[in-house]
Amino acid sequence: MLIANAAGILPYLKRRQLRSYFDSYLKRMKTVGHHWKQYSSHGDLLRNPEELRGLDHCPDELLDDLLRWLVLCYIGEPGGYGTMGYSRRVFYSNSGAPICLRLLC
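Residues numbered from 1 in each chain as written. Predicted model: local features only at pLDDT ≥ 70, side-chain atom pairs only at ≥ 80, totals over all residues. Heavy atoms only, no water.

## What about helix α2 (residues 15-32)?
Quick note on the threshold: Secondary structure is summarised from DSSP: a helix means a run of H or I of at least four residues, a strand means a run of E of at least two, and numbering begins at the N terminus for each. Multiplying 1.5 Å by the residue count of a helix minus one yields the expected span of that helix. Only protein chains enter the calculation, and the probe is 1.4 Å; a residue is then buried if its accessible area is under 20% of its type maximum, exposed if over 50%, and partly exposed in between. Note that the arc is computed from the directions linking the helix axis to the C-beta atoms. Contacts are residue-level and defined by heavy atoms, with any inter-residue pair within 4.5 Å sufficient.
Given a rise of 1.5 Å per residue, 18 residues ought to cover 26 Å, and the 26 Å separating the end C-alpha atoms of α2 matches this to within 8%. If you check which residues of α2 are buried, you get Leu18, Tyr21, Phe22, Tyr25, Leu26 and Met29. Relative to the axis of α2, the buried residues are bounded by an arc of 135 degrees and lie together on one face. The outward face of α2, more than 90 degrees from its buried face, is lined by the exposed residues Arg16, Lys27, Lys30 and Thr31. Contacts from the buried residues of α2 go to α3 (39-51) and α4 (60-75). Gly33, located one to two residues past α2, shows a positive phi value of around 85 degrees.

Okay, here's the thing in structure tokens:
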């Protein structure tokens, strides 16, 4: 996909190829999860779609699930628990949240 994007042919790929790519990507996202404790994996996971200029070429049937994952990763989880949580109102992925925001905007 990165090569197709660099060559400028990504919009011309078959719908089946785009669906296959984004479907496998969504499966990886679900495997890693959006939980803040997976922050070490979020940066590497999210760099690829960012290099593809976001989700412009994502098929509509997969877009809702991809957007849901990005939003959940970005907003994080309520804090206020544990020894460190009393001073943090929200736990979020430090590596994933900024990339999620760029992909969502």
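## Points about the pattern of salt bridges
Our working definition: Any Lys or Arg side-chain nitrogen found within 4 Å of a carboxyl oxygen on Asp or Glu counts as a salt bridge.
This structure, assessed with the given rule, holds 5 salt bridges. Of the charged contacts, one joins Arg15 and Glu61 as a salt bridge, the two residues approaching to 2.9 Å between their closest N and O atoms. With a gap of 46 residues between them, Arg15 in helix α2 and Glu61 in helix α4 connect regions that are remote in the sequence.

## Some thoughts on the environment of Leu46
Inspection of the secondary structure puts Leu46 in helix α3. Considered as a pair, Leu46 and Ser95 are 49 residues apart in the sequence and their alpha carbons are 9.3 Å apart. In this structure, Leu46 is in contact with Tyr25, Met29, Trp69, Leu70, Gly96, Ile99, Cys100 and Leu103, ignoring residues within four places of it in sequence.

## Considering the side chain of Ser93
Note the threshold: Polar contacts, as used here, are pairs of N or O atoms within 3.5 Å; protein pairs need one atom able to donate a hydrogen and one able to accept it. Residues neighboring in sequence count only if both atoms are side-chain atoms.
Secondary-structure assignment places Ser93 in the loop between β2 (90-91) and α6 (96-104). Residue Ser93 is classed as buried on the basis of its relative accessible area, which comes to 1%. From its side chain, Ser93 meets the backbone nitrogen of Gly96 in a polar contact 2.9 Å long. With sequence-adjacent residues up to four places away left out, Ser93 is seen in contact with Trp36, Tyr39, His42, Cys73 and Pro98.

## Remarks on the side chain of His42
Among the secondary structure elements, His42 is positioned in helix α3. Note on His42: relative accessible area 0%, which makes it buried. Setting aside residues no more than four positions away along its own chain, His42 makes contact with Val32, Gly33, His34, His35, Trp69, Cys73, Ser93, Ser95 and Gly96.

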